[in-house]
Amino acid sequence: MLRNLARFALGATLVSAVAACGSSTATTGSPTPSPVSGTATASGSTALQPLVSAAKDEFEAANPGATITVGVGGSFQGLSQAATTAADIGDSDVPAGAANPPLANASQLVDHQVAVVPFVIIASPAVKVTSLTQKQAQDLISGTVTDWKDVGNPTSLKVHVYLRPKTSGTRYTFAHVVLGSVSETATPQAIVPDTNTVIQNVSQDTAGGISYVALGSVKATSGVTKLQYNGVDATPANVINGTYKIWSHEHMYTCTCDTSAGATVARAFISYILSDKFQHGEAITKLGFIAVSQVKGTSPADS
Amino acid sequence: MATMIGARRDSRRAPRLSRYHTDRAARGGVVVAALLLIILLLAVYAFIGSKAFLIFGKVSPLTFFLDTTWDPLGRPPHYGAGAIILGSLSVVGLALFIALPLSLSAALFLEQTDQALGERILRPVIEVFVGIPSVVYGWVGLTILVPYIARTADAGAGLCVLAGGLVLSVMILPTITSLSADALRRLEPSLAESSYALGATRWQTIWRVLLPAARPGIVTGAIFGVARAMGEALAVAMVVGNVPNVPRSLFIPVATMTTIITQDLPNRALNPDLNNALYTLALVLLFFSLVFILIVRRVTRSNVS
């Protein structure tokens, strides 16, 4: 019964969201919001999804009349759904400006940076190197160096590069922060669609596999080596004190063109995520993210 | 409703009338269902076809099919599907090459060598095989087969044509086996009996008489197996590496049409040309399945005449 109601509400939201596309200014919710009701949809990034789902549970508990529907489909899909109001919120690992060709309605999208996510370079167990400089990481991923010995491994070991698809927010961040103008190798071992598979691939590679993933997705039992970057351990603490550089902001986009009932719920939901209660709560650190306010400055992947 | 009540009251005349109506209604229903199926199929082809040629406004068909650089998000983008189509064909061809002899042996065991044992053990085993979800094959391939290939063949990470072919061969084995076994079973017993009566050995009978006679069924099985292999995306994506290389060796990572379509799906919002290019790949897949079905039709018809 409740489910049907929710489904009906979702349908109604979508219909009205598509129907109404005027221009009204977005106003963020007051610091102590009164309970809201209605349904909003958030769609997009797979990497951000665990955090959005955690926030959804807390938000729905605080607002019994509200429902947040969380979908995934990739950052770019989230962005384009937010721009076309197919979703009230577009979850994205990458800034909207990264879309090429540019999104329709791009100027009406409002960026909300909701968390900071650290990334880490991972290597196969056989690799004895523990730290890479930016130059060494560039050489390995671009295929210029094909033997780990050339970056300080005691023995000769083949380099196996595992890339992520071009839609991956992780790849985008890595390319902007680490690679700069250097391009990825044209002959990777694999282009791996999801984080867990890439960890599996690198962990069971008997030669020298290398890739990069979100820090929170690597567990102690993952069987891969987390490499230092420019001599600094990949830890949230080092991101906060500014020494570890591979990180980016997670974004939630709303569109000023979204005048549906869901838009109000969406804004209240984002206010909740940005509130001190959630930003300094348990979920955000447990899932490998860092509160926005704790990290100063910007990442090259922010634009 | 009235006729039904009437039918119950008068059991001699009215039932005929009511049976006539139910017959008519049932016939109508069946015809509508059949037409719906045909319309649905035509709609699929028409829809995919209507989108599939749009990409040729940007790249020539020659470039699309012969060029081997697939980089739809590059600047400028490249839409060369040659390597991807070759990737599909190589993985599927290898799967058939491995599975066909094994399937034929299993079918012969089922029908000729030891029918009792075959019925009790082999057939249920094959039926269980058919029901295994492809993600399980992919997972086993990724965690056991891929590292094994990497260790033994010095083939990089082991994500390669060979891994894809092996996983697919296991997947299509039950299809080819059961269809071949059915074909062998349908043969007249007199065929084998006459052969034996003429003094042929068991091997001669199987090789010269039974297999040629059952060929249409075997080919049908092989084609259905290939069609399944061609359309499989998930298990293949987990073991082939998804890098659009030209399959120059068994140990090179490749991409197939299905893995590219699934992998590039999220990008289509970003680039309308990519959306069209994926439709073209989908049409190529449909085209292959159409060709397979035509071959099956041809082979089975030649048997009848």
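So, here is what we can say about the structure in this document. Note that the structure is predicted; figures quoted are calculated from it, not measured. (Residues numbered from 1 in each chain as written. Chains lettered and ligands numbered in written order. Predicted model: local features only at pLDDT ≥ 70, side-chain atom pairs only at ≥ 80, totals over all residues. Heavy atoms only, no water.)

## Some points on the overall build of chain A
And step 1. Broken down by element type, chain A carries 10 helices and 10 strands.
And step 2. Expressed as a percentage of the 303 residues in chain A, the buried residues total 53%.
And step 3. Within chain A, contacts between residues at least 6 apart in sequence are counted, and of these 78% link residues at least 24 apart.
And step 4. Accessible area for chain A stands at about 12500 Å²; split by element, carbon and sulfur atoms hold 57% of it. (Helix = DSSP H or I, 4+ residues; strand = E, 2+ residues; numbered from the N terminus. Buried < 20%, exposed > 50% of the residue type's maximum accessible area, 1.4 Å probe, protein only. Contact = heavy atoms within 4.5 Å. Areas by Shrake-Rupley, 256 points an atom, 1.4 Å probe, with all protein chains shown as cover.)

## Examining the overall build of chain B
And step 1. On a plain count of helices and strands, chain B comes out with 13 helices and 2 strands.
And step 2. The C-alpha radius of gyration of chain B comes to 25 Å, more than 25% above the 19 Å expected for a compact globule of 305 residues.
And step 3. Dimensions of chain B, computed from the C-alpha atoms along their principal axes, are close to 80 × 65 × 35 Å.
And step 4. For chain B, buried positions account for 43% of its 305 residues.
And step 5. Put simply, 69% of the contacts in chain B that link residues at least 6 apart link residues at least 24 apart.
And step 6. Total accessible area computed for chain B in this model is approximately 16500 Å², and 67% of it derives from carbon and sulfur atoms. (Rg over C-alpha atoms; globule rule 2.2 N^0.38 Å.)

## Looking at the state of the cysteines
Residue and element names in this part refer to chain A.
And step 1. In total, this model carries 1 disulfide over all chains according to the counting rule given.
And step 2. Across the disulfide, Cys 255 is cross-linked to Cys 257 (sulfur-sulfur distance 2.2 Å). Because the sign of the S-S torsion sets the handedness, a value of about 115° for the bond joining Cys 255 and Cys 257 places this disulfide among the right-handed ones. (Disulfide = S-S within 2.5 Å.)

## Here's the deal with the packing of aromatic side chains
Residues and elements named next belong to chain B.
And step 1. Enumeration according to the criterion identifies 14 aromatic pairs over all chains in this entry.
And step 2. Ring geometry for Phe 53 versus Phe 56: centroids 6.1 Å apart, planes at 55°, classification tilted.
And step 3. Here the aromatic rings of Trp 203 and Trp 207 are separated by 5.3 Å at their centres, their planes lie at 15°, and the arrangement is stacked. Placement of both Trp 203 and Trp 207 in helix α9 (residues 202-213) is noted, with a separation of 4 residues, approximately one turn of the helix.
And step 4. On the basis of relative accessibility, which here comes to 53%, the residue Trp 203 falls in the exposed class.
And step 5. Take Trp 207: its relative accessible area is 49%, and that puts it in the partly exposed class. (Phe/Tyr/Trp six-rings, centres within 6.5 Å; stacked < 30°, edge-to-face > 60°.)

## Things to note about the nonpolar core
Soluble globular proteins: nonpolar side chains tend toward being buried together.
And step 1. In terms of nonpolar packing, the biggest core is built from 145 residues, with A:Leu132, A:Trp148 and B:Trp70 touching the most fellow members.
And step 2. Top contributing element to this core by residue count: helix α13 (residues 272-304) of chain B, with 12 residues.
And step 3. Counting residues in hydrophobic clusters, the runner-up holds 15 residues, among them B:Ala107, B:Leu187, B:Ile206 and B:Ile218. (Core = buried A, V, L, I, M, F, W, Y, C linked by side-chain atoms within 4.5 Å.)

## Comments concerning the pairing of strand β6 (residues 159-163) of chain A
All names here are of chain A.
And step 1. Among the 5 residues that make up β6, 5 are buried, leaving the element largely enclosed by the rest of the structure.
And step 2. Burial of the side chains of β6 extends over both faces: Val 159, Val 161 and Leu 163 are buried on one face and His 160 and Tyr 162 on the other.
And step 3. Across 3 bridges, the pairing between β6 and strand β8 (residues 208-214) is parallel. Bridged to Val 159 within β8 is Gly 208.
And step 4. Summarising the sheet, β6 and strand β7 (residues 190-191) pair through 2 bridges and their orientation is parallel. Bridge assignment links Tyr 162 to a residue of β7, and that residue is Ala 190. (Pairing = 2+ DSSP bridges.)

## Remarks on the interface of chain B and chain A
And step 1. Contacts between the two partners involve 29 residues from chain B, matched on the other side by 24 residues from chain A.
And step 2. Counting each side, the surface lost to burial between chain B and chain A is near 2100 Å², with a carbon and sulfur contribution of 57%.
And step 3. Summed over the shared surface of chain B and chain A, the number is 0 salt bridges.
And step 4. Of all the elements, helix α6 (residues 134-153) of chain B adds the most residues to the side of chain B that touches chain A, at 7 residues. (Buried area = accessible area lost by both parts, 1.4 Å probe. Salt bridge = Lys/Arg side-chain N within 4 Å of Asp/Glu carboxyl O.)

## As for unusual backbone geometry
And step 1. For A:Asn230, which is not glycine, the phi torsion reads 50° and is therefore positive.
And step 2. Within the fold, A:Asn230 resides in the loop between β9 (225-229) and α7 (236-240).
And step 3. Exposure remark for A:Asn230: the relative accessible area of 42% places this residue in the partly exposed category.
And step 4. Despite not being glycine, B:Asn242 shows a phi value in the positive range, around 60°.
And step 5. Considering the arrangement of structural elements, one finds B:Asn242 in the loop between α11 (234-239) and α12 (257-264).

## Remarks on the packing of helix α4 (residues 82-113) of chain B against helix α7 (residues 161-186) of chain B
All names here are of chain B.
And step 1. Between α4 and α7, the least distance of the axes is 6 Å, while the angle of their chain directions is 35°. Along this stretch, α4 crosses α7, giving a crossing that reads as right-handed.
And step 2. Considered class by class, the residues forming the contact of α4 with α7 number 23 nonpolar, 7 polar and 2 charged. (Axes fitted to C-alpha atoms, helices over the stretch in contact; angles between N-to-C directions. Left-handed = near helix turned anticlockwise from the far one by under 90°. Nonpolar A, V, L, I, M, F, W, Y, C, P; charged D, E, K, R; others polar.)

## A word on a nonpolar patch on the surface
And step 1. Taken together, the side chains of B:Val31, B:Leu35, B:Ile38, B:Ile39 and B:Leu42 define a hydrophobic patch exposed on the protein surface, amounting to about 470 Å² of accessible area.
And step 2. Relative to the elements of secondary structure, B:Ile38 occurs in helix α2 (residues 14-52). (Patch = residues over 30% accessible without salt bridge, like charges linked within 9 Å, V, L, I, M, F, W, Y side chains within 5 Å.)

## Things to note about the pattern of salt bridges
For side chains of opposite charge, pairing can occur when their charged atoms come near one another.
Residue and element names in this part refer to chain B.
And step 1. In total, this model carries 8 salt bridges over all chains according to the counting rule given.
And step 2. A salt bridge links Asp 273 to Lys 58, with the nearest nitrogen and oxygen atoms 3.6 Å apart. Note that Asp 273 is positioned in helix α13 and Lys 58 in the loop between α2 and α3 (61-66), a separation of 215 residues in sequence.
And step 3. Assessed through its relative accessible area of 18%, Asp 273 is described here as buried.
And step 4. Ionic pairing is found between Glu 111 and Arg 123, a salt bridge with its closest N-O pair at 3.3 Å. Highlighted residues: Glu 111 in helix α4 and Arg 123 in helix α5 (residues 115-130), separated in sequence by 12 residues.

## Considerations on the environment of B:Gln115
Residue and element names in this part refer to chain B.
And step 1. For Gln 115, the location among the structural elements is in helix α5.
And step 2. Given the relative accessible area of 46%, Gln 115 is considered partly exposed.
And step 3. Between the C-alpha atom of Gln 115 and that of Tyr 20, which follows or precedes it by 95 residues, the distance is 47 Å.

## A closer look at the pairing of strand β10 (residues 247-255) of chain A
Residue and element names in this part refer to chain A.
And step 1. Within β10, 9 of the 9 residues are buried, which leaves it mostly tucked inside the rest of the structure.
And step 2. Of the pairings in the sheet, the one linking strand β3 (residues 89-92) to β10 comprises 3 bridges and is antiparallel in character. Across the sheet, Gly 90 pairs through a bridge with Tyr 253, a residue of β10.
And step 3. Of the pairings in the sheet, the one linking strand β4 (residues 109-123) to β10 comprises 9 bridges and is antiparallel in character. Within β10, the position partnered with Val 117 by the bridge is Ser 248.

## Thoughts on the side chain of A:Ser222
All names here are of chain A.
And step 1. Looking at the secondary structure, you find Ser 222 in the loop between β8 and β9.
And step 2. A distance of 2.8 Å separates a polar atom in the side chain of Ser 222 from the backbone nitrogen of Lys 219.
And step 3. Contacts of Ser 222, omitting those with residues within four sequence positions, involve Ile 199, Ser 203 and Ser 217. (Polar contact = N/O pair within 3.5 Å; in protein donor to acceptor, adjacent residues only side chain to side chain.)

No statement about biological role is implied by the geometric values presented.
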